[in-house]
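Okay, here's what each chain looks like letter by letter:
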Amino acid sequence: MVQIAKRMESFEGYLGTEMNIRLTRMKEAGRDVINLGLGDPDVIPPLHLLETLRDASFHPENHHYPSFYSIKPLKEVIARWYGRRFGVTLDPASEVLPLLGSSEGLFHIHLALLDAGGIQLAADDRAALERVEYAPCLAGLFWLDGQVRLPDPGAVQSPDSAVGWIADNQRKGISPEATVVTVHAGPELSHQLFEAPEREGLAALQAALHLYLDRKARIVQAQLKRWRYAMPTELYPERNLLARGLPTLVFAGDAFGGPRVEGAALSGLLAGQSIAEGLSIPSESEKIIP
Ligand SMILES: Cc1cc2nc3c(=O)[nH]c(=O)nc-3n(C[C@H](O)[C@H](O)[C@H](O)COP(=O)(O)OP(=O)(O)OC[C@H]3O[C@@H](n4cnc5c(N)ncnc54)[C@H](O)[C@@H]3O)c2cc1C
């Protein structure tokens, strides 16, 4: 069976299709409907145009695939029409592109125009985001053969020390089959060793862990993780930043209103609410059933 992409779930249908369904139902019910939808013409085009089209259809040279860039005379005529109708000057070569239709064009235009960093934030919003600061964290993961003796509940936290956190993941319940210990360097040591070779970072963390290892314990494997944006040290004061002067764009995360998973989750929930409001998504009870 053909799998439909997840993103299609957010499409409730095309307005034009919905209008056509209603139109068909009304006609079937015997209603006399004047169709003002989709800019449909209700008279045929001028006769001379139809005759020109008919004559052109008998010429073999008109039965090829068109150029991918569309033919030059067509683009020139379009540019002239825009000049006459709207007073706009367009370069037919670079500013006119016939498409399959305006819906297709609108659907694809963001792929052509949006680049990473291509959005201009309001100066105040940008300055507020630039004030947000994070401390990095070097974290070591040590798989042990043997015991680690950490005080209850299985962790040591010392925010003012070079190594701020040592935790037994087995007692935490996340590595039931092996003794795995996490060791975090504090902000200062993390800064100092962030770019250092892995061996050096691990040695500093291992030295702190050593104090808690059973005499017979042996390190089976060790890994170093470098978290560049580990702990927000300068937070944005509110739970979200809703960018001004742009289509709904919300900044959220642990640097907004409160750190750690709890702060990030609360910020994310509020962001979802702001986006729904910005898109005028009605709540379930407000949905209008056609
Ligand atoms: C080592 C460590 C241990 C921690 N332990 C705890 C703990 O025990 N309890 C606790 O409450 N908190 C803990 N925290 C903090 C907690 O993990 C964070 O506060 C929380 O994960 C932040 O959530 P967030 O959604 O703001 O950011 P993240 O969880 O960092 O999510 C950001 C996401 O954006 C993605 N991303 C980044 N750039 C782009 C891009 N350009 N395009 C697309 N995606 C991108 C990233 O890959 C990431 O998935 C810990 C943090 C660290 C570093």
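Treat the numbers as computed from the prediction; the structure is a model and nothing was measured.

**Observations regarding the overall build of the chain**
Right, on to step 1. Within the chain, the regular secondary structure consists of ten helices and seven strands.
Right, on to step 2. Taken against the 2.2 N^0.38 rule, which gives 19 Å for 290 residues, the C-alpha radius of gyration of the chain at 32 Å runs more than 25% over that of a compact globule.
Right, on to step 3. Each of the three principal axes of the chain carries a C-alpha extent, and together these read 100 × 50 × 45 Å.
Right, on to step 4. Here the chain, with 290 residues, has 13% of them falling under the buried criterion.

**Brief notes about the nonpolar core**
Right, on to step 1. Counting residues in hydrophobic clusters, the biggest one holds 21 residues, and the most contacted among them are Val181, Val183, Ala185 and Leu205.
Right, on to step 2. Those elements giving two or more residues to this core turn out to be strand 1 (133–145), strand 3 (163–168), strand 4 (179–185), helix 8 (187–193), helix 9 (198–210) and strand 5 (218–234).
Right, on to step 3. Top contributing element to this core by residue count: helix 9, with five residues.
Right, on to step 4. Setting aside residues up to four positions removed in sequence, Val181 forms contacts with Phe142, Leu144, Val148, Ile166, Ala167, Asp168, Asn169 and Leu209.

**Quick notes on the environment of Leu249**
Right, on to step 1. The residue Leu249 is located in the loop between strand 6 (241–242) and strand 7 (250–251) in this model.
Right, on to step 2. Leu249 sits in the partly exposed class, given 16 other C-beta atoms within 10 Å.
Right, on to step 3. For the pair Leu249 and Gly278, spaced 29 residues apart in sequence, the C-alpha to C-alpha distance is 8.8 Å.

**Some details on the site of the ligand**
Right, on to step 1. Lining the immediate environment of the ligand, one finds Cys137, Ala139, Trp227, Ala230, Gly253, Asp254, Pro259, Arg260, Val261, Glu262 and Ala264.
Right, on to step 2. The biggest single contributor to the shell around the ligand is helix 10 (residues 260–278), with four residues.
Right, on to step 3. Here the shell around the ligand is built from residues that sort into seven nonpolar, one polar and three charged.
Right, on to step 4. Inspection of the shell around the ligand shows a minimum of three residues originating in each of domain 2 (123–131 + 235–284) and domain 3 (134–233).

**A closer look at the sheet that holds strand 4**
Right, on to step 1. Taken together, the five strands give an open sheet; going across it, the order is 2-3-4-1-5, and neighbouring strands pair in antiparallel fashion. Strands at the two margins of the open sheet, each flanked by one partner only, are strand 2 (155–157) and strand 5. Going across the sheet, the axis of each strand differs from the next one's by a mean of 15°, ignoring polarity.
Right, on to step 2. Looking at chain direction, strand 1 and strand 5 are connected through twelve bridges and run antiparallel. Counted as the bridge partner of Ala139 is Lys225 from strand 5.

**Some details on helix 3 (residues 72–86)**
Right, on to step 1. Its 15 residues place the ends of helix 3 21 Å apart at the C-alpha level, agreeing with the 21 Å of an ideal helix rising 1.5 Å per residue.
Right, on to step 2. The first or second residue beyond helix 3 is Gly87, which carries a positive phi of 70°.

**Topic: the pairing of strand 3**
Right, on to step 1. The element strand 3 is extensively covered by neighbouring structure, given that five of its six residues are classed as buried.
Right, on to step 2. When strand 2 meets strand 3, the two strands line up antiparallel, connected through three bridges. What sits directly across from Val156, in strand 3, is Ile166.
Right, on to step 3. In textbook terms, the turn of a hairpin is the stretch between consecutive antiparallel strands, and for strand 2 and strand 3 this stretch comprises five residues.
Right, on to step 4. Across five bridges, strand 3 lies against strand 4 in antiparallel orientation. The residue of strand 4 that forms the bridge with Trp165 is His184.

**Considering helix 5 (residues 102–113)**
Helical geometry: 3.6 residues make up each α-helical turn, so side chains three or four residues apart lie on a common side.
Right, on to step 1. The end-to-end C-alpha distance of helix 5 is 16 Å, a good match for the 16 Å that twelve residues give at a rise of 1.5 Å each.
Right, on to step 2. Burial of helix 5 is sparse: only zero of the twelve residues sit out of reach of the surface.

**Brief notes about the environment of Leu279**
Right, on to step 1. Note that Leu279 resides in the segment after helix 10.
Right, on to step 2. We classify Leu279 as exposed; it has 11 C-beta atoms within 10 Å.
Right, on to step 3. Once the C-alpha coordinates of Leu279 and Thr248 are considered, the two residues, 31 residues apart in sequence, prove to be 7.3 Å apart.

**A look at unusual backbone geometry**
Right, on to step 1. Each neighbour pair has its own omega, and for Asp152 with Pro153 the value is 5°, a cis peptide bond.
Right, on to step 2. Along the chain, Pro153 turns up in the loop between strand 1 and strand 2.
Right, on to step 3. For Arg260, which is not a glycine, the phi torsion comes out positive at approximately 65°.
Right, on to step 4. Judged by C-beta crowding, with 10 C-beta atoms within 10 Å, Arg260 ranks as exposed.

**A look at the confidence of the model for the chain**
Right, on to step 1. Looking at the chain as a whole, the pLDDT averages 88, with 94% of positions reaching at least 70.
Right, on to step 2. Confidence scores differ between elements of the chain, with helix 5 showing the lowest mean pLDDT of 79 and strand 4 the highest of 97.

So, how was this worked out
Residues numbered from 1 in each chain as written. Predicted model: local features only at pLDDT ≥ 70, side-chain atom pairs only at ≥ 80, totals over all residues. Helix = DSSP H or I, 4+ residues; strand = E, 2+ residues; numbered from the N terminus. Rg over C-alpha atoms; globule rule 2.2 N^0.38 Å. Buried ≥ 20, exposed ≤ 12 C-beta atoms within 10 Å, placed from the backbone. Core = buried A, V, L, I, M, F, W, Y, C linked by C-beta atoms within 7 Å. Contact = placed C-beta atoms within 7 Å. Near = placed C-beta within 6 Å. Nonpolar A, V, L, I, M, F, W, Y, C, P; charged D, E, K, R; others polar. Domains from an automatic or database assignment. Pairing = 2+ DSSP bridges. Axes fitted to C-alpha atoms, helices over the stretch in contact; angles between N-to-C directions. Expected span 1.5 Å × (residues − 1). pLDDT = per-residue confidence, 0-100.

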